[in-house]
Amino acid sequence: MSALAMAKALVVALVAIAAVAELAAAKNHTIQWSVSGNYGDWSASNAVSVGDTVVFTYGPPHTVDELPSEADYKACSFDGKLSSDDGGRTAFTFDKVGTRYFACAAGSHCTQGQKVAITVTDGASSATPKGNSAATGAAGLAAKLALGLGVGGALLAAF
Ligand SMILES: [Cu+2]
């Protein structure tokens, strides 16, 4: 391999690595937590991936309670709550794919709509949040690598 070819290969590899790092970067999401907030489609308009952090910000008397199931979420049942906080700033960093359910336990706030279901995906494809995470993860990595290689190739073409 010539020195030039090696240099080009190195550029392609570095750009691919940079693309993967960029796409995999964890994001922070903030939810202004109130009775009047409309959270019905929060997940639909906010892509949350594994590694991301969601921060609820609010004042008294609100709470952020995590509920264990969709049934509890729909019924606003706090009996089996997984956690509860009223500190005004409650953060969750999601370490795996799935749907998490949160609601406010103050008064009848939950039944008034102060609840949100957050779907956490592996970041590879928001269309298949409940798919085989290992398979979609590998596919996603391959897609990111292909994108990186494509960007690298385009850079080389500009040399
Ligand atoms: Cu509330």
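Before going into details, it helps to say that this report is about the structure given with it. For clarity, every value in this text was computed on a predicted model and none was experimentally measured. (Residues numbered from 1 in each chain as written. Predicted model: local features only at pLDDT ≥ 70, side-chain atom pairs only at ≥ 80, totals over all residues. Heavy atoms only, no water.)

**Concerning the overall build of the chain**
The criterion, for reference: In this text, helices come from DSSP runs of H or I with a minimum length of four residues, and strands from runs of E with a minimum of two, each type numbered from the N-terminal end. Accessible area is worked out with a 1.4 Å probe on protein chains only. A residue is then buried under 20% of its type maximum, exposed over 50%, and partly exposed in between. Only the protein chains shown count as cover for residues, and all accessible areas are computed by the Shrake-Rupley method using a 1.4 Å probe.
Across its full length, the chain holds four helices and eight strands. Secondary structure of the chain in N-to-C order comes out as α-β-α-β-β-β-α-β-β-β-β-α. Out of the 159 residues belonging to the chain, those deemed buried represent 31%. With the model as given, the accessible surface of the chain reaches about 8800 Å², and the carbon-plus-sulfur share is 59%.

**Digging into the coordination of the copper ion**
The test is simple: As a rule, N, O and S atoms within 2.8 Å of a metal are its donors, except that Na, K and Ca use 3.2 Å; water is not among the atoms, so sites may look incomplete. Labels for metal geometry use angle windows, namely 85 to 135 degrees for all angles of a four-donor tetrahedral site, and for square planar (four donors) or octahedral (six donors) sites opposite donors over 155 degrees apart plus all others within 65 to 115; sites meeting none of these are irregular.
Coordination of the copper ion by the protein involves H62 (ND1), C104 (SG), H109 (ND1) and Q114 (OE1), with metal-donor separations of 2.0 to 2.2 Å. Its four donor atoms give the copper ion angles of 99 to 129 degrees at the centre, a pattern that matches the tetrahedral case. Expressed as a motif, the donor residue spacing for the copper ion is H-x41-C-x4-H-x4-Q. One end of the pair, H62, is in the loop between β3 (53–57) and β4 (64–67); the other, H109, is in the loop between β7 (98–103) and β8 (115–121), with 47 residues separating them in the sequence. According to the relative accessible area criterion, H62 is buried, its value standing at 12%. The class of H109 is buried, set by a relative accessible area of 13%.

**Some words on the side chain of H109**
Threshold: Polar contacts, as counted here, are pairs of nitrogen or oxygen atoms within 3.5 Å of one another; within protein the pair requires one atom able to donate a hydrogen and one able to accept it, and residues that are adjacent in sequence qualify only if both atoms are side-chain atoms. By the convention used here, residues are in contact when the closest approach between their heavy atoms is within 4.5 Å.
In terms of polar contacts, H109 uses its side chain to reach the side chain of H62, at 3.1 Å. Setting aside residues up to four positions removed in sequence, H109 forms contacts with V35, P61, H62, C104 and Q114.

**So, the nonpolar core**
Our working definition: Nine residue types can take part in a nonpolar core, namely buried Ala, Val, Leu, Ile, Met, Phe, Trp, Tyr and Cys, and a core is a set of them joined through side-chain atoms within 4.5 Å.
One finds I31, W33, F56, V116 and I118 to be the most contacted residues of the largest nonpolar core, which totals 17 residues. No other element matches β8, which puts three residues into this core. Once residues lying within four places of it in the same chain are set aside, the contact partners of F56 are I31, W33, V64, G88, R89, T90, F92, F102, V116 and I118. Core analysis: the second largest hydrophobic core is formed by seven residues, L67, Y73, F78 and Y101 among them.

**Structural notes on the pattern of salt bridges**
Opposite charge on two side chains makes pairing possible when the charged atoms of those side chains draw close. Going by this rule: Any Lys or Arg side-chain nitrogen found within 4 Å of a carboxyl oxygen on Asp or Glu counts as a salt bridge.
Summed over all chains, the structure comprises three salt bridges. Two residues, K81 and D65, come together in a salt bridge whose shortest N-O distance is 4.0 Å. Note that K81 is positioned in the loop between α3 (70–75) and β5 (83–85) and D65 in strand β4, a separation of 16 residues in sequence. By relative accessible area, which is 43% here, K81 ends up partly exposed. The salt bridge partner of E70 is K74, with a shortest N-O separation of 3.5 Å. Pair noted here: E70 and K74 are both in helix α3, with a separation of four residues, about one helical turn. Judged by relative accessible area, E70 falls into the partly exposed class, the value being 41%.

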